[in-house]
Each structure stands twice: as C-alpha cells, then as structure tokens.
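# Observations on the three-dimensional arrangement
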Amino acid sequence: MANLKELETDVLIVGAGNAALVAAEAAHDAGVKVTVLERAPRERRGGNSTFSGGLFRFAYKDFEQVKEILQDTPGIDFKDVEVEPYPTDMFYSDLMRVTEGLADPSLSELLVNKSQEVVAWMAHHGIDWELHLSHVAKVKGKYIWRSGTIPVAARGGGHGLQEMHFKHVESRAIDILYSTRALQLTQDSSGAADGALVSTPAGKRRIQSKAVILACGGFESNPEMRARYLGQNWDLVKVRGTRYNTGDGIKMATDIGAEPFGHWSGCHASVIDAEAAAVEAADETTRYSYPYSIMVNVNGERFVDEGEDFQVYTYAKTGRRILAQPAHIAYQIYDQKTLPLLRSNYQRSRPVTANTVEDLASGLGIEPARLRRTIDEFNKAVSPVAFDSSKRDGKCTTGLNPDKSNWASPIDSPPYQAYPVACGITFTYGGLKIDPQSAVLTADDTAIPGLWAAGELTGGFFYHNYPSGSGLMRGSITGYVAATEAVKYIKGR
Ligand SMILES: Cc1cc2nc3c(=O)[nH]c(=O)nc-3n(C[C@H](O)[C@H](O)[C@H](O)COP(=O)(O)OP(=O)(O)OC[C@H]3O[C@@H](n4cnc5c(N)ncnc54)[C@H](O)[C@@H]3O)c2cc1C
C-alpha cells in the first residue's frame, strides 16, 4: 500500500462500485490524478455492483441502436431477435408511474436522457455488453424483448461488470486503496471539501484532495439505520448485497451540511429464497417467477396481485409486502402448467411437492381447508382468456381481494410445488440531495464546493418502487457527471 502520509490527490473517490469506477475512469481520462478508497479488502471488492445481475435500463430507438454497443452473444443469432423500442419518453413515464409521480423531474431527466450516451461511453471504456435472457419471451423461435423489459447486461453479470471495470482502472494505474474506510470529510477554511480522514490497517490517516466524490452506497447493510428510517422489522430482513454499505457516505456528507433527500422510509426490497443467507444473499437467490404463481402467507391467504405487471415493474416493491405477512414469509405455488416457466435458479430451492392441495398445505404447515378454499376461490375467479407468458395477457381474476391482473392460471394440475420466499433488501432510496451536475447540495440548495455524490447514496431518483436496471444506470450516469464536473472545478481554480 502507498504511504498515506504522502498521499495527495486531485480527485478522491470513496467506494469502488460501478458508480465510483465510472467516475475514476472519466476523471482519469480528463487528465487528473485519481485515488479510490475501498472499505472492503481486495478479495471482497465490488460493492453491490458485483452482486448485481449487471442489467442496465437505457433508452433506445430500436434494436439497431442497441446493436451499436452489443458484442456477439453466445447461442443467439441477432437475426432471431426482436427488441421493441424503448424511447426516452417511455423510460421517463415508467419512472414516474412506478414512483407514483414522486421521482425528482430534473434527476429523472438526467437518468433518462443520458442513459444511451453513458452506456455507449462504457462500451469504449472496457465494458462488454451482451443480450441477457432473463426477461426474454421466446415466441416461435424468436427472442422478443417487450418494451420496458431489459435486453442488455454487462458480460458476466454484475461480477463481470466489476471485473471489467477493475481491469480497465488497473491498466490506467489509478490507485485503489483497499481496506481503507473513509470516516470523515475534511474542509478548507472556505468550507470546500478537501479530503478525508480514513482508517487503514496501519491506523488513521488523512488524505488531501482537490475534490471528493462520494460513491459508497446506501444504508441497506446497517440494521440500526434500517430500523430507524425504514421502520419496524426492517432490521430483521435479509440483505441481498454487500455488507459494507452502512450509510457512511450519507453520514459524512450530512455532518458537513448536506441535505438529506428522497424517500428515506423507502427501499428496493425483492423476493428471495427464504433459505438465502442473511447477508450477501447474492443474485441467484432471487425468486422472480411469481407472476405465474399464486403467493400465499402462512395462513393460506393471498395478499398481493402477483400479475400486476411484468416482474421488472413489481419485484422491487413485493419484498415489502412479504415482510408485512405473519412470520415474514410467503409461498409461491405452481402447478404442472406453470412449472416449466420457472427461471433456472429455482433449481437451487427446496420446494414442497404434493399431489393434492391438502398435502401441499400440510407440507407447508398451513391449515389444509384454508389453502383449499383460497385455491378453489382463485380457480373459479379466473377469466377464460388464453394464457400467454410472452405478454401482458389480461388473463385475470374478478371478485377476489386482491385480484390477479395477468397470467392467472388455475392451480389444478398436480403435482403442485410451493417455494418458500422472504423479503431481501437490495438498496435504500433515501440519500443526499444532488443537482443534475451531481453536486451535493445544502438545505438552501447551494452546492458544497468540492463535493459530488454518485450512485446509491443519492436521493430523489426512486420512491415506493423502481423499474429494474435503473440502479446501475443511475450509478454510471452520476459517476460520469460527477467526475466531469469535479475535473472542471479543479481546472477552473
Ligand atoms: C443482488 C442484487 C442484484 C442487483 N441487480 C441489479 C441489476 O441487474 N441492475 C441494476 O441496475 N441494479 C441492480 N442492483 C442494484 C445495484 O447493484 C446498485 O444500485 C448499484 O450497484 C449501486 O452501485 P454503487 O456504485 O452506488 O454502490 P456499490 O456498488 O454498492 O459500491 C459502494 C462501495 O462503497 C464501499 N464503501 C462503503 N462505505 C465505505 C467507506 N466508508 N469508505 C470506503 N468505501 C466504502 C463499499 O464497500 C462498496 O464497495 C442489484 C443489487 C443487488 C444487491
């Protein structure tokens, strides 16, 4: 490790996730000295970004525009691919719809309007993109992505994304100091951020810098902050990603006057295997085929519209609904008609299988007569419309509370299978107030000189819910913008 006492840098970047490494690459390209601090040891590096699926939501006119950044994708001939357009206005209206109109308009415009440009920039900065099959509809030999589902991910998913970033950063001799945790921001006599106090294996040190970019995640891995801001029982949930995102960046910035912003009681919480690890549960524990299931709680009652929309628009709010159930658990029930639709990672689960509804209930510890009633009522309420998993099929129920809006297939073809699922927190929505230049703002909306923020610790982008693939995209864009602005600031001094 470099001797920190001698360490002076131009741009100090806190964190080494996707947002931080995009910022590091952009700042380095602009000709300044960059130093990255990462709290995790090298072997645990990568943040939530490395746990992610690597899926990016960005706007495009058509598949021709997507192809401009795509590498060959093993097993898929582009001639067999149909990608429905996803223009900027559709991305913007998705964002507003799922956030109940609360997403900050100027930050939403930044996210939507810069998404294509930054994905293309990343393609020129070490990131390979490929088609990603988790949202594909296969119809008559064609691979079809409906508008709003995500066709593109970094090669190798989140782990691949981060390894490509690290390779690129390391080839540019950008310093990354591992096992180095930022503790406190320092300021010069004018109040401008000018570095940080950090803890290292060799003790506490100060790093002097001309600008600081905070990109060190939300507070999802801090049970005390979860209980304080998200509410009762959130201290108990499983954490899908890194153990190191404990709200440090948010605290360091608010300590010097940054304004908290966004949905502080909200978070992205999705559906994971009930047997997943308590922390760093990882992406393969997701259980996202629930739109084709019915989900019941331990009392055998349905509690959510499983088919409200494509999974990409509902999964981030469904974990919260499971947490609110007795024992904080639910069961996804499938029959022989829907089992073939399960994603391959379900093979890692230990489902309960039975030939009758009553036996299934017994295996789950649910009162058999209650589950029988739920399933009978559900089956009777299903509309006769044809089932079609490749689109919103409108095959719904009527007269139930809650109804199911799409993919309502009667549970009548045994053997049945039930998968126990729980709530897994992904990341928190509340964070720092930034402007569209990623500058960190105070309560009176003035920028704190020398301080920018990127990625998960920025507030105002997401409320209540979230369109999938927007977290990484938000990180890349804010990282890119923060670096560009920080370099302008340094050069203008
Ligand atoms: C299982 C899972 C799947 C996901 N899938 C997707 C997906 O497919 N698409 C998508 O868009 N989003 C996805 N997300 C969300 C997405 O991963 C995050 O929104 C995004 O990675 C956040 O990036 P970031 O750079 O802001 O933070 P991170 O990648 O979390 O990086 C923050 C870094 O800061 C470090 N750090 C923390 N405190 C300090 C400190 N005091 N000093 C120094 N370093 C510190 C941490 O160790 C960490 O490495 C997923 C998340 C998870 C957990």
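Residues numbered from 1 in each chain as written. Predicted model: local features only at pLDDT ≥ 70, side-chain atom pairs only at ≥ 80, totals over all residues.

## Focus on the overall build of the protein
A tally of regular secondary structure across the protein gives twelve helices and 21 strands. The C-alpha radius of gyration computed for the protein amounts to 23 Å, which stays within 12% of the reference 23 Å derived for 493 residues, consistent with globular compactness. Over its C-alpha atoms, taken along the principal directions, the protein stretches across nearly 70 × 50 × 40 Å. Relative to all contacts within the protein whose residues are 6 or more apart in sequence, the contacts with residues 24 or more apart total 75%. (Helix = DSSP H or I, 4+ residues; strand = E, 2+ residues; numbered from the N terminus. Rg over C-alpha atoms; globule rule 2.2 N^0.38 Å. Contact = placed C-beta atoms within 7 Å.)

## With respect to the domain arrangement of the protein
Often, the extent of an interface is quoted as the loss of accessible area upon association of its parts. The assigned domain composition of the protein is domain 1 (4-67 + 86-122 + 155-219 + 429-491) and domain 2 (269-424). In this structure, domain 1 and domain 2 have C-alpha centres spaced 36 Å apart. (Domains from an automatic or database assignment.)

## Concerning the site of the ligand
Lining the immediate environment of the ligand, one finds 41 residues, of which Gly17, Gly47, Gly241, Gly455 and Gly471 sit closest. Put simply, the parts of the chain that give the shell around the ligand at least two residues each are helix H1 (18-29), helix H2 (47-51), strand E9 (181-187), strand E18 (416-428) and helix H12 (470-491). Ranked by the residues each element gives to the shell around the ligand, the list is headed by H12, at five residues. The residue makeup of the shell around the ligand, split by class, is 15 nonpolar, 19 polar and seven charged. (Near = placed C-beta within 6 Å. Nonpolar A, V, L, I, M, F, W, Y, C, P; charged D, E, K, R; others polar.)

## Regarding unusual backbone geometry
The residue after Asn401, namely Pro402, is reached through a cis peptide bond having omega 5°. Its place among the elements puts Pro402 in the loop between helix H11 (368-381) and E18. Following Pro414, the chain continues to Pro415 via a peptide bond in cis, the omega torsion being -5°. Among the secondary structure elements, Pro415 is positioned in the loop between H11 and E18. A positive phi angle, close to 55°, is found at Glu100, a residue other than glycine. By the secondary structure assignment, Glu100 is in the loop between helix H4 (88-98) and helix H5 (105-123). Take Glu100: there are 11 C-beta atoms within 10 Å of it, and that puts it in the exposed class. A positive phi is found at Lys140, a non-glycine position, where the angle reads about 45°. Following the sequence through the fold, Lys140 ends up in the loop between strand E5 (137-139) and strand E6 (142-145). (Buried ≥ 20, exposed ≤ 12 C-beta atoms within 10 Å, placed from the backbone.)

## Things to note about the sheet that holds strand E3 (residues 81-83)
Strand pairing in a sheet is mediated by backbone hydrogen bonds. Such pairs are either parallel or antiparallel. In space, the three strands of this open sheet follow the order E3-E6-E5, with mixed pairing throughout. Each having just a single partner strand, E3 and E5 make up the two edges of the open sheet. For this sheet, the mean inter-axis angle between neighbouring strands, taken without regard to orientation, is 25°. Examined bridge by bridge, E3 and E6 share three bridges and lie parallel to one another. Along E6, the bridge assignment pairs Val83 with Trp145. (Pairing = 2+ DSSP bridges. Axes fitted to C-alpha atoms, helices over the stretch in contact; angles between N-to-C directions.)

## A short note on H11
Between the first and last C-alpha of H11 there are 20 Å, a value that for 14 residues agrees with the 20 Å anticipated at 1.5 Å per step. When we look at burial in H11, the residues that qualify are Leu371, Thr374, Ile375 and Phe378. The buried side chains of H11 occupy one side of the element, clustering within an arc of 90° when seen end-on. Of the residues in H11, the exposed ones pointing more than 90 degrees away from the buried face are Ala369 and Lys380. The secondary structure elements touched by the buried residues of H11 are strand E15 (294-296) and helix H10 (357-364). (Expected span 1.5 Å × (residues − 1). Arc of directions from axis to C-beta.)

## Some points on the packing of H5 against H12
Helix packing geometry: the angle between the two helix axes and the distance between the axes. Running from N to C, H5 and H12 cross one another at 80°; their axes reach a closest spacing of 9 Å. Accordingly, the angle class assigned to the pair H5 and H12 is roughly perpendicular. Of H12, the residues touching H5 (which contributes Leu110, Leu111, Lys114, Ser115, Val118, Trp121 and Met122) are Ser470, Met473, Arg474, Ser476, Ile477 and Tyr480. Its residues assigned to classes, the contact of H5 with H12 shows eight nonpolar, three polar and two charged. (Parallel < 35°, antiparallel > 145°, perpendicular 65-115°, else oblique.)

## Here's the deal with the pairing of strand E2 (residues 34-37)
Residues of E2 alternate between two faces, with Val34 and Val36 on one and Thr35 and Leu37 on the opposite face, all of them buried. Pairing between strand E1 (residues 8-14) and E2: four bridges, direction parallel. Directly across from Val11, in E2, lies its bridge partner Val34.

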